[in-house]
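These are the residues of each chain, in order.
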Amino acid sequence: MARKGGKDDKRDEPAMEEEATRMPRKIYEKELFRLQAELVKLQEWVRTEGARLVVIFEGRDAAGKGGTIKRVTQFLNPRIAKITALPAPTEREQTQWYFQRYVDHLPAAGEIVLFDRSWYNRAGVEHVMGFCTKEEYSRFLHQCPIFERLLVEDGILLRKYWFSVSDVEQEHRFHSRLDDPMRRWKLSPMDLESITRWEDYSRAKDMMFVHTDIPEAPWYVVDSADKRSARINMIAHLLSTLTYHDVQPRPLKLPHRPASQGYVRAPRESQTFVPDHAAELQAG
């Protein structure tokens, strides 16, 4: 439940009086599949044209970033479309220029990189939780627009998405994870701490937008009250911002299998097969 007298983020996270109506599954699945087919076309365009695409996913904990990334990459080639979710920096990395370890993960020609959280950790969790100094935070807000302008100037296609969710809906999703043993691992101490620091994160997000919502690399806000709609809206928008075209694949033809040269397959009993668990289920 929301805190009494709690102040919501006025810019993009309005409180939810009632649970949002979910997009009907049939419509969602049909449109998602169509958009995923377009993502495959986009991937082939990136590969053949040697483009470099970076997509940043940021937002509140439990806002639906991970689920959206999963749908984006579902039918893509992992050698071309790579997900980057960096752990906490090592002692050595803490002594480097802040953006340095992220530079190592930027795409080469023909690659797509999806950042599941990114260098904006410094503007959010590091700042709110006191993991960086005030000087480091101020330096980030100054350098980040410069860094991103350099990326865009060099030809990288940079897209930044902020997934917005209300405090009520976030807490509801946290509770659902607590009760689900298959998803409980998604809850970290940092996630739980975010409940008590809602307003701090709201202020940090607003300040981040003030400094980094630049014409060369604007922020796009995704309303994720309904996860299905959020996924559809984000993917459709990403595709609309890129002037890709359908690349005709090279025609492929399966070769004829040559005649046997006398090979004899090894006896089945000479190898260790996994137990036939599927057959047991069907027999039962």
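Residues numbered from 1 in each chain as written. Predicted model: local features only at pLDDT ≥ 70, side-chain atom pairs only at ≥ 80, totals over all residues. Heavy atoms only, no water.

## What to know about empty space enclosed by the protein
It is a probe the size of a water molecule, rolled over the atoms, that shows where empty space is left. Summed over the entire model, instances satisfying the criterion amount to 2 cavities of 30 Å³ or more. Estimates place the volume of the second largest cavity at around 40 Å³. Lining the second largest cavity we find Leu 39, Leu 42, Leu 53, Val 55, Val 72, Leu 76, Ile 112, Leu 114 and Leu 238. At the level of secondary structure, the elements contributing two or more residues to the lining of the second largest cavity comprise α1 (25–49), β1 (52–59) and β3 (111–116). Considering only residue class, the lining of the second largest cavity consists of 9 nonpolar, no polar and no charged. (1 Å grid on protein atoms, 1.4 Å probe; cavity = no way out; pocket = protein on both sides within 12 Å on 5 of 7 lines; lining within 4 Å. Points joined across faces, edges and corners; volume = space filled by probe spheres on them. Helix = DSSP H or I, 4+ residues; strand = E, 2+ residues; numbered from the N terminus. Nonpolar A, V, L, I, M, F, W, Y, C, P; charged D, E, K, R; others polar.)

## Observations regarding the packing of α1 against helix α10 (residues 227–240)
Between α1 and α10, the shortest axis-to-axis distance is 10 Å and the interhelical angle comes to 30 degrees. Compared by their axis directions, α1 and α10 come out roughly parallel. Where α1 crosses over α10, the handedness of that crossing is left-handed. Of the residues in α10, those in contact with Arg 25, Tyr 28, Glu 31, Leu 32, Leu 35, Glu 38, Leu 39 and Leu 42 of α1 are Arg 228, Arg 231, Ile 232, Ile 235, Ala 236 and Leu 239. Across the contact of α1 with α10, the residue classes break down as 9 nonpolar, no polar and 5 charged. (Axes fitted to C-alpha atoms, helices over the stretch in contact; angles between N-to-C directions. Parallel < 35°, antiparallel > 145°, perpendicular 65-115°, else oblique. Left-handed = near helix turned anticlockwise from the far one by under 90°. Contact = heavy atoms within 4.5 Å.)

## Some points on the layout of surface pockets
The space that makes up the second largest pocket amounts to roughly 150 Å³. Taken together, Glu 44, Arg 47, Val 247, Gln 248, Pro 249, Arg 250 and Leu 252 form the lining of the second largest pocket. Broken down by class, the residue content of the lining of the second largest pocket amounts to 3 nonpolar, 1 polar and 3 charged.

## With respect to the confidence of the model for the chain
Any residue range with low pLDDT should be treated as having predicted coordinates unsuitable for detailed reading. Summing up the model confidence of the chain, the mean pLDDT is 90 and the portion of residues at 70 or higher is 93%. Every residue in residues 1–20 is under pLDDT 50, and counting partners more than four places away or in other chains gives 40 contacts. (pLDDT = per-residue confidence, 0-100.)

## Points about the pairing of strand β4 (residues 157–164)
Regular strands show a simple pattern: their side chains alternate between the two faces of the sheet. For β4, a buried count of 7 out of 8 residues is recorded, marking the element as mostly surrounded by other parts of the structure. Both β1 and β4 contribute to a ladder of 7 bridges, which runs parallel. Counterpart to Leu 53 in the pairing with β4 is Leu 157. Relative to strand β5 (residues 219–223), β4 runs parallel, the two sharing 5 bridges. (Buried < 20%, exposed > 50% of the residue type's maximum accessible area, 1.4 Å probe, protein only. Pairing = 2+ DSSP bridges.)

## Describing the packing of aromatic side chains
Counting across every chain of the model gives 20 aromatic pairs. A ring pair is formed by Trp 97 and Phe 99, whose centres lie 5.3 Å apart and whose planes are at 55 degrees; its orientation type is tilted. With a centroid separation of 5.8 Å and 85 degrees between ring planes, the pair formed by Tyr 120 and Phe 140 is classed as edge-to-face. Here the residue Tyr 120 occupies a position in the loop between β3 and α5 (125–128), and Phe 140 occupies one in helix α6 (residues 134–153), the gap between them amounting to 20 residues. Through a chain of ring-to-ring contacts, three or more aromatic side chains come together here, namely Trp 97, Tyr 98, Phe 99, Tyr 102, Phe 115, Trp 119, Tyr 120, Phe 140, Phe 147, Trp 162, Phe 209 and Trp 219. One cation-aromatic arrangement involves Arg 60 over Trp 198; the distance from NZ or CZ to the ring centre is 3.6 Å. We note Arg 101 situated over the ring of Tyr 102; from NZ or CZ to the ring centre the distance is 5.3 Å. (Phe/Tyr/Trp six-rings, centres within 6.5 Å; stacked < 30°, edge-to-face > 60°. Lys NZ or Arg CZ within 6 Å of the ring centre and 35° of its normal.)

## What about the pattern of salt bridges?
For the coordinates displayed, the defined rule picks out 17 salt bridges. Between Glu 38 and Lys 41 there is a salt bridge; the shortest N-O distance is 3.1 Å. Here Lys 41 and Glu 38 lie together in helix α1, a separation of 3 residues that amounts to about one turn. Taking relative accessible area as the criterion, Glu 38 reaches 17% and is therefore assigned buried. A relative accessible area of 30% means that Lys 41 is categorised as partly exposed. (Salt bridge = Lys/Arg side-chain N within 4 Å of Asp/Glu carboxyl O.)

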